[in-house]
Structures are given as structure tokens and as C-alpha cells.
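Residue-level structure breakdown
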Amino acid sequence: SLAISGSGMQTLGGTTTVAGGASFYISGGESIGDGGMFTGNAQFSGGTLTLNDDVLSGLSLTGGTVVLGPMFQGDGKIHALTLNGSTLNGTNEVAAGGVLNCNFSSILQGLLTVEAGGVLSFGSSGVKTIYGLTLVNQGTVNQVGGAVYANSSTVITNAGLWDLQGNLELRMASGSTAARFENVGAGTLRKSSGSGSASIISFDIMNHGII
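Computed from a prediction, not measured in an experiment: that's the story for all the values here. (Residues numbered from 1 in each chain as written. Predicted model: local features only at pLDDT ≥ 70, side-chain atom pairs only at ≥ 80, totals over all residues. Heavy atoms only, no water.)

**Quick look at the side chain of Q10**
Along the chain, the position of Q10 falls in strand β2 (residues 9-12). Taking the relative accessible area as the measure of exposure, Q10 reaches 10% and is therefore buried. Polar side-chain contacts of Q10 include one of 3.0 Å to the side chain of S31. Ignoring any residue separated from it by four or fewer positions in sequence, one finds Q10 in contact with I4, I26, G28, G29, E30, S31 and I32. (Helix = DSSP H or I, 4+ residues; strand = E, 2+ residues; numbered from the N terminus. Buried < 20%, exposed > 50% of the residue type's maximum accessible area, 1.4 Å probe, protein only. Polar contact = N/O pair within 3.5 Å; in protein donor to acceptor, adjacent residues only side chain to side chain. Contact = heavy atoms within 4.5 Å.)

**Comments concerning the pattern of salt bridges**
A complete count under the given rule lists 4 salt bridges for this structure. The partner of R171 in a salt bridge is E169, and the shortest N-O contact between them spans 3.0 Å. One salt bridge connects R180 with E182, and the closest N-O pair in it is separated by 2.9 Å. Its relative accessible area of 36% is what places R180 among the partly exposed residues. Since its relative accessible area comes to 16%, E182 is described here as buried. (Salt bridge = Lys/Arg side-chain N within 4 Å of Asp/Glu carboxyl O.)

**So, the side chain of N103**
Take N103: it is sitting in the loop between β10 (91-102) and β11 (107-108). Accessibility expressed as a relative area gives 16% for N103, which makes it buried. One polar contact links N103 to N84, side chain to side chain, over a distance of 3.1 Å.

**Observations concerning the environment of G118**
By the element assignment, G118 lies in the loop between β12 (110-114) and β13 (119-122). Separated by 24 residues in the primary sequence, G118 and V94 place their C-alpha atoms 5.8 Å from one another. When near neighbours in sequence (up to four residues on either side) are disregarded, G118 contacts V94, A95, A96, G97, G98, G139 and T140.

Shown next as C-alpha cells:
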């Protein structure tokens, strides 16, 4: 394996080829995405990665913090992005027709708006964390696998569809006061599959929509 770590700065352009059985890790410092392409087991696992233009083909986002530039994917909005354990921070939007996939131990912080026609998917196993997140959903949130953990400063405003696809948990796991989930307008909270129970734990729930 080859690991780039420490406090340096990396510009990720060009082509990185990782042979079968080998691994390449970026695990520290500041990295700038500049159109790089990766093949094989290549992972961003620590530090801060700024994606100015687009995702870096073949680089799995397994840790660290990801920051999106103002012209990310053309207009600064998320059209296609998959986190496999990284933290997405800042003020971000999932565009109409766009998809943000959060797998494994991914973390969302800051302000995230899912536009009408956009999709936020909490997939795979493991715990996804939304501590300190203000989430405004006007599209669809699919909770597919694992659990989603919030804290006292988590606020969810659901004007679209929040779909629990199985016997899953949305849980307030840290803090002295409850997290907040508010259905507004045509907002719908739905459990669409699984013969058992899904659980929403230690949330203040205000329903002005549909459950």
C-alpha cells in the first residue's frame, strides 16, 4: 500500500493506477480535486478534500471531510455523489434529479437542502450520523439500511417524502434535549417495507403533513 498523510497539500489530477492486491490511501492534509482518475483500491480516508469541479472517478470517499466548491458539477449543487464514510460539511443542495448516497458511517453536517425531484439515500449497513445537521427535504429521503443518529441540534423539515424501507431506526443519540422532525405541507413520513417495526426515538415530532 501507499499512503499520503500528514499536514501537506495534494493536488489530485492525472491518473493513479492501483494494481490488484495493492491499496492507495489519502489519509491526511488538504487535497484539491483537479480531475484526477483512479483505478483499483483507491481511498480518501482522512484530511480535507475540496471538490471544485466534480467527483474524482474511482476514488472512494471512506473518511475525512469533503467540501464542495461553488461550481461543483456545474452549478454548485449535488447531481451525483456517494459517501462511503466521509463527512460532508457546509451548505449544500441536492439538485432536482440528483442523488446523494450516504453509506456505512457517513456523516452529514451543516445545512442540506434536497430539492423537489432530488434524492438523499441512507444506504448500506452501519450508523449514519446527522449531528448538527439542518435538513430541509423537498424531495425524497430513502432510509434503506442501518440506523441514522441525530443529536439535540438536529432539525429535519420534511416537505417531501421520508421513506423508511425496513425495520430501521432514526434515533436521537446525543444531547440533553430531543432532536426535531417536522412534517409540513405535503410532507409524508412512511414505512414502506418490512414486517416488523421501524423506530423514531427521542425526537420532537410535529406533524402538519401525512404519516
